[in-house]
Amino acid sequence: MNAVERRPLVVGVDGSEPSLRAVDWAADEAVVRGVPLRLVHACLWSRYEGTALARDLGRRGEPTPQDIVGAATERARTRQPGLEVSSEVVFEEPEYALVHAGRQASALVVGTRGRSGIAELLLGSVSLAVAAQADCPVIVLRGSHDNRATPPVHGRVLVGVGEDAAAVGFAAAEARRRGVPLEAVRVWRCPAHESSDHPLLADAPALLHEEQAQKALDEALHGLPPDLEVHRRTVEGHARRVLVDLSTRADLLVVGARRREGHFGLQLGRVAHAALHHSACPVAVVPQPA
């Protein structure tokens, strides 16, 4: 395994229950990948209030940053005793710190929300920002996951196949690591203006779009390892709804996100955005350079 392949799996921790469950999942995933696990806790105490306040809060029962990473490190090592684990406290905005850490990571893992008290069904702003800006794949653990990457529960990795080759490659690698099939789905739609009132021609436009979707799916999956079991599906409908519905029987949903050089802000398409908010399983957002 070369140096790039040995890059650590990075998980963001903040002491919340979702982030601790993310540590469990990330520890399992790091073992499957054969890479170290790195825990990153970001906060602004030192920058704005000073370290003295952090020490004072620790004496009053509020955990200090060191307490948080210490507990998370112990949890990861208990979960996977042979795993190489390191940790870091960064006095920066969490979004900035995690995106920066992702530049030297094989992937980033974050929970659905932090300590803000937002309902776990919703996606926290930190997770959303990291998924939309990081240069590496970001795995966001939806609230319904069961704290483990392995063994598989549903026995499949689901990927939405668009124009993002990186997402297909990532999904295939994840399926092979887990020893489960890859379910590759290409969603298509027939615009209403292309329909025909003539009964003999009513299905012609739809059939053409379905054939095009099948061709695009075959092209996207060309070259995958021959030992990987792949289930190919073309489905008519809205990609956001189709993938969210199918996520109920997947262990991981993989979607792509375009990264356009020179563009700032959240770079997420509608499909990735919907998946992050509504998927029933963990979601991997894989950046694809434009």
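Up top is the structure.
Per chain, residues are indexed from 1 in the order of the written sequence. Where local features are concerned, this predicted model is filtered to residues with pLDDT of at least 70; where side-chain atom pairs are given and counted, the filter is 80 or more; whole-chain, interface and lining totals use all residues. Note that water and hydrogens are dropped before the side-chain values are worked out from all heavy atoms of the structure.

> Can you tell me about the environment of Gly 102, naming the residues and giving the values?
For helices the rule is a DSSP run of H or I covering at least 4 residues; for strands it is a run of E covering at least 2, with both sets numbered from the N terminus onward. Residue placement: Gly 102 occurs in the loop between α5 (94–101) and β4 (107–111). In this structure Gly 102 touches Leu 108 and Cys 136, once residues within four positions along its chain are discounted. Any two residues having at least one pair of non-hydrogen atoms within 4.5 Å are treated as being in contact.

> Kindly report on the pattern of salt bridges, identifying the contributing residues and their values.
Criterion for a salt bridge: a side-chain nitrogen of Lys or Arg within 4 Å of a carboxyl oxygen of Asp or Glu. This structure, assessed with the given rule, holds 18 salt bridges. Among the ionic pairs, Arg 79 bridges to Asp 28, the shortest N-O distance being 2.9 Å. Taken as a pair, Arg 79 in helix α4 (residues 65–79) and Asp 28 in helix α1 (residues 17–33) lie far apart in primary sequence, 51 residues in all. The salt bridge partner of Arg 178 is Glu 174, with a shortest N-O separation of 2.3 Å. Of the two residues, Arg 178 and Glu 174 both sit in helix α7 (residues 165–178), 4 residues apart, roughly one turn of that helix. In this scheme, a residue with accessible area under 20% of its type's maximum is buried, one over 50% is exposed, and one in between is partly exposed, where area comes from a 1.4 Å probe on protein chains only. Classification of Glu 174 by relative accessible area gives buried; the value is 0%. Among the ionic contacts, a cluster of salt bridges with common partners joins Glu 29, Arg 33, Glu 174, Arg 177 and Arg 178.

> An account of the pairing of strand β1 (residues 9–12) is requested, with residue identities and associated values reported.
With burial as the criterion, each face of β1 is covered, one bearing Leu 9 and Val 11 and the other bearing Val 10 and Gly 12. Each pair of strands is called paired provided DSSP finds at least two bridges between the two strands. Bridging between β1 and strand β2 (residues 37–42) involves 4 bridges; their strand directions are parallel. Note on β2: the bridge partner recorded for Val 10 is Arg 38. By convention, orient the strands away from the viewer: a clockwise path from the first strand over the helix to the second makes the crossover right-handed. As for the winding sense of the linkage, the β-α-β connection from β1 through α1 to β2 is right-handed. Sheet analysis places β1 next to β4, joined by 3 bridges and oriented parallel. Note on β4: the bridge partner recorded for Val 11 is Val 109.

> Run through the sheet that holds strand β10 (residues 283–289), naming residues and quoting values.
The mixed open sheet is built from 10 strands, whose spatial order is β3-β2-β1-β4-β5-β10-β9-β6-β7-β8. Single-partner strands in this sheet number two, and they are β3 (85–90) and β8 (230–236). With strand direction ignored, the average angle separating the axes of adjacent strands in the sheet is 25°. By the bridge criterion, 3 bridges tie strand β6 (residues 157–160) to strand β9 (residues 252–259) in an arrangement that is parallel. Of the residues in β9, the one forming a bridge with Val 157 is Leu 252. In the packing of α1 onto the sheet, contacts are made with β1, β2, β4 and β5 (138–141), and the angle to β1 comes to roughly 175°. Angles run from 0 to 180 degrees between N-to-C directions of axes, and those axes are lines fitted to C-alpha atoms, restricted for helices to the stretch in contact.

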